[in-house]
Amino acid sequence: MEICLVCQPQFLVLQETVTAPSVQTKARLMFDGEAASLDAILKTETVKVPKPMKVIDLKTGGAMFVMDHVDMRSLHKYSAQLGDQLADLHLHNQRQRERRDKEEQTVGKGSGQSDVPVIEKYGFHIPTCCGYLPQVNEWQSDWVAFFTQQRLQHQLGLVEQSCGDREAQELWSQLQPKIPKMFEGAQVYPALLHGDLWSGNVAECSEGPIIFDPASFYGHAEFELGIAGMFGGFGSSFYSSYHKKLPKEPGFEQRKQLYQLFHYLNHWNHFGSSYRGSSLRIMKDLLK
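Residues numbered from 1 in each chain as written. Predicted model: local features only at pLDDT ≥ 70, side-chain atom pairs only at ≥ 80, totals over all residues. Heavy atoms only, no water.

As annotated in an unreviewed UniProt entry, the chain carries the name protein-ribulosamine 3-kinase and comes from Synaphobranchus kaupii. On record in UniProt, under Sequence similarities (unreviewed entry), the comment for the chain is "Belongs to the fructosamine kinase family." Recorded under Catalytic activity (unreviewed entry), the UniProt text for the chain is reproduced unchanged: "N(6)-D-ribulosyl-L-lysyl-[protein] + ATP = N(6)-(3-O-phospho-D-ribulosyl)-L-lysyl-[protein] + ADP + H(+)". (UniProt positions renumbered as here; feature names shortened; annotations may be inferred.)

Shown next as structure tokens:
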């Protein structure tokens with residue numbers, strides 16, 4: 001498998017060249033998910049992303065993803081602005097719902113006639129990939145069930161398939177029934193997420209901050225801050241600006257660990273057992 005970036009004055013081409021038909025299908029799935037993610041974020045008009053143009057199957061195998069080319073540099077000047085805009089992204093669906101409800105109470109607007117799109121469940125309309133692994137994005141009305149089953153359980157199932165780690169399964173059997181209690185006192189609404197917001201997927205351009213390489217779905221806004229805190233790169237101004245609009249709720253720090261567990265498991269499934277220790281440590285900490 002070969003991935004290359006081809007920069008042109010007007011656009012960026014992300015190309016993955018492969019030979020096996022099954023891998024070609026996976027490349028298309030990955031790029032389709034990224035394109036849909038960028039399009040969803042773009043439509044909120046909250047934070048800048050590269051504009052997706054087209055995903056193309058290559059006759060020689062693989063796929064090509066064409067998007068706007070943006071001159072970018074490391075995030076520095078616009079860190080606080082990114083925090084502010086990310087909060088707006090996470091609040092966008094909730095604000096749309098409030099606007100819809102207000103319109104439905106207005107004379108001439110009957111129930112169900114609002115043209116404001118609102119997402120009421122957790123998931124996404126197509127699979128998206130965090131790394132190269134597809135995520136299970138089937139819609140669920142309950143966030144705890146969605147995250148437990150379609151994020152943590154799915155990742156642990158992949159661990160079981162690859163190495164059959166008994167300690168991981170034993171810890172998971174103890175942790176799973178304790179997860180609902182971690183959300184007591186928290187107000188959870190479906191929020192459109194970038195899904196893989198580490199420092200390597202953010203930058204700035206002449207217009208301000210920009211985010212890219214998303215693995216989007218509708219989930220708990222706090223999920224976004226899990227991986228953001230794992231590898232550094234986000235300064236205090238980013239968090240201060242974000243939490244002015246979305247203050248921390250009771251149990252935030254424990255849930256942040258829970259969300260980081262997903263990313264450590266995902267890294268374990270991508271890069272091997274070097275992430276085993278971190279995954280088990282978080283499960284043990286959450287069980288204390």
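Let's pick the thread back up.
Next up on the list: the side chain of Asp196. Relative to the assigned elements, Asp196 resides in the loop between β7 (191-193) and β8 (202-205). No salt bridge is formed by the buried Asp196. Its closest oppositely charged neighbour is Arg151, at 11 Å. Not counting the four nearest positions on each side in its chain, Asp196 is found in contact with Cys130, Gly131, Asn201, Asp213, Ala215, Glu224 and Ile227. (Helix = DSSP H or I, 4+ residues; strand = E, 2+ residues; numbered from the N terminus. Buried < 20%, exposed > 50% of the residue type's maximum accessible area, 1.4 Å probe, protein only. Lys, Arg positive; Asp, Glu negative; His and termini not counted. Salt bridge = Lys/Arg side-chain N within 4 Å of Asp/Glu carboxyl O. Contact = heavy atoms within 4.5 Å.)

Along any regular strand the residues' side chains alternate between the sheet's two faces. Sheet topology note: the strand β3 (residues 52-57)/strand β4 (residues 63-68) ladder contains five bridges and is antiparallel. Residue pairing in the sheet places Pro52 in a bridge with Met67 of β4. (Pairing = 2+ DSSP bridges.)

Two elements in contact, helix α4 (residues 166-175) and helix α8 (residues 276-287), have axes whose closest approach is 10 Å; the angle formed by their N-to-C orientations is 30 degrees. Taken as axis vectors, α4 and α8 run roughly parallel relative to one another. For the element pair α4 and α8, the recorded crossing hand is left-handed. Seen from α4, the contacting residues are Glu167, Ala168, Leu171, Trp172, Gln174 and Leu175; seen from α8, they are Arg276, Leu280, Met283, Lys284, Leu286 and Leu287. Tallied by class, the residues present in the contact of α4 with α8 amount to eight nonpolar, one polar and three charged. (Axes fitted to C-alpha atoms, helices over the stretch in contact; angles between N-to-C directions. Parallel < 35°, antiparallel > 145°, perpendicular 65-115°, else oblique. Left-handed = near helix turned anticlockwise from the far one by under 90°. Nonpolar A, V, L, I, M, F, W, Y, C, P; charged D, E, K, R; others polar.)

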